[in-house]
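Here is what each chain is made of, one letter per residue.
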Amino acid sequence: MNKVVIVTGASRGIGRNIAYNLAVDGFKVIANYNNSEKQALELKNNLEENGIEIDIFKADVSKREQVLKLIDFVINKYNRIDVLINNAGIAQEKLFTEITEEDFEKMIKTNLYSAFYTTQEAVRYMIKEHRGCIINISSIYGITGGSCEVHYSMSKAGIDGMTKALAKELGPSNIRVNSIAPGAIDTEMNGNLSEEDWNSIIDETPLMKKGNPIDITRCVKWLIEDEFTTGQVISPNGGLVIT
Ligand code: NAP
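As a starting point, this report considers the structure included with it. (Residues numbered from 1 in each chain as written. Predicted model: local features only at pLDDT ≥ 70, side-chain atom pairs only at ≥ 80, totals over all residues. Heavy atoms only, no water.)

Digging into the site of the ligand
Okay, step 1: Near the ligand lie 31 residues; those nearest to it are Ser36, Asn87, Tyr152, Thr187 and Asn190.
Okay, step 2: Ser11 places a polar side-chain atom, nitrogen or oxygen, 2.8 Å from an oxygen atom of the ligand.
Okay, step 3: In the environment of the ligand, an oxygen atom lies 2.6 Å from a nitrogen or oxygen atom belonging to the side chain of Tyr152.
Okay, step 4: Protein contacts shield 95% of the accessible area of the ligand, which totals 890 Å² for the unbound molecule.
Okay, step 5: Those elements that provide at least two residues to the shell around the ligand are helix H1 (13-24), strand E2 (28-33) and helix H6 (150-170).
Okay, step 6: A breakdown of the residues in the shell around the ligand according to their chemical character gives 12 nonpolar, 15 polar and four charged. (Near = heavy atom within 4 Å. Polar contact = N/O pair within 3.5 Å; in protein donor to acceptor, adjacent residues only side chain to side chain. Areas by Shrake-Rupley, 256 points an atom, 1.4 Å probe, with all protein chains shown as cover. Helix = DSSP H or I, 4+ residues; strand = E, 2+ residues; numbered from the N terminus. Nonpolar A, V, L, I, M, F, W, Y, C, P; charged D, E, K, R; others polar.)

Below is the structure:
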């Protein structure tokens, strides 16, 4: 049977591109969404028109009880989870002094607790199978920090900490855990950037172009196939950040 892959936050942007392309490649994809039902149904319909199956599943992954329903659905249908891609996330630009308790809680719950919940539930099955691949979508801001995005940067640095620690703990169970830390990618998350903003990012980027969701999907495909990479933070960013 082809590998079973859960992609969180797959209704739009990077997650949607990953889910679409993995389904085209023959993976059994479960595309999670929360608010964007219309876009999730479009994704399913686009694929089905071409004879390709995909499951879509609504769950707010910042809530453990909804994550449990997502994992139950996958286990009942496929009885395995080969790959978990923790992609769901939100961003917010605010001065540090203006971040409210609610802003902070929403950010950490959506970007960090979500990965804690999904991973904790999924690895129970991966450990039993002695095989698995977890890919956490973090950000260059988890590495460099982003001005006016302190809570976002904290959540992404947290994800990278989880990647490194869990890779050590789960390596002996043949489960690989890696982060992909994208640079600036053209999605709705960056809808606030003007053409001028993009041009200045492109000017600072050695490869002299902006990133597209497919750049992250290519990296995901490589990490799924790879057998000797774990605990790493891989950053497709056009050379904008070189560590
Ligand atoms: P996007 O276009 O805004 O899409 C975000 C996705 O996350 C949507 O599908 C959304 O689903 C989902 N989501 C948000 N909260 C959720 C929740 N509580 N439960 C389930 N799904 C939820 O963002 P993107 O640019 O594709 O970003 C995807 C990931 O890449 C994020 O983790 C982001 O931090 C990271 N990233 C992006 C960039 C960039 O430049 N775009 C750079 C670095 C890292 P619904 O709409 O259905 O709620």
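Some details on the pattern of salt bridges
Okay, step 1: Applying the stated rule across the entire model yields 15 salt bridges.
Okay, step 2: The residue Glu42 makes a salt bridge to Lys38 at a minimum N-O spacing of 3.7 Å. Taken together, the residues Glu42 and Lys38, both in helix H2 (residues 37-49) and four residues apart, mark about one turn of the helix.
Okay, step 3: Residue classification places Glu42 among the partly exposed residues on the basis of a relative accessible area of 36%.
Okay, step 4: In this structure, Asp226 engages Arg176 in a salt bridge whose closest nitrogen and oxygen atoms are separated by 3.9 Å. Placement of Asp226 in the loop between helix H8 (213-225) and strand E7 (233-234) and of Arg176 in strand E6 (residues 175-180) is noted, with a sequence separation of 50 residues between them. When sorted by exposure, Asp226 lands in the same class as Arg176, which is buried.
Okay, step 5: It is possible to trace a salt-bridge network through shared partners that takes in Arg80, Asp82, Glu129 and Arg131. (Salt bridge = Lys/Arg side-chain N within 4 Å of Asp/Glu carboxyl O. Buried < 20%, exposed > 50% of the residue type's maximum accessible area, 1.4 Å probe, protein only.)

Digging into the packing of aromatic side chains
Okay, step 1: Under the criterion given, the structure shown has four aromatic pairs.
Okay, step 2: Between Phe116 and Tyr117, the ring centres sit 5.8 Å apart and the planes meet at 45°, which makes this aromatic pair tilted.
Okay, step 3: By relative accessible area, Phe116 is classed as partly exposed at 40%.
Okay, step 4: Overall, the relative accessible area of 9% leaves Tyr117 in the buried class.
Okay, step 5: Between Tyr141 and Tyr152 the ring centres are 6.5 Å apart and the planes differ by 85°, which places this aromatic pair in the edge-to-face class. With Tyr141 in helix H5 (residues 140-144) and Tyr152 in helix H6, this pair connects stretches of sequence that are 11 residues apart.
Okay, step 6: Residue class for Tyr152 comes out buried when judged on its relative accessible area of 8%. (Phe/Tyr/Trp six-rings, centres within 6.5 Å; stacked < 30°, edge-to-face > 60°.)

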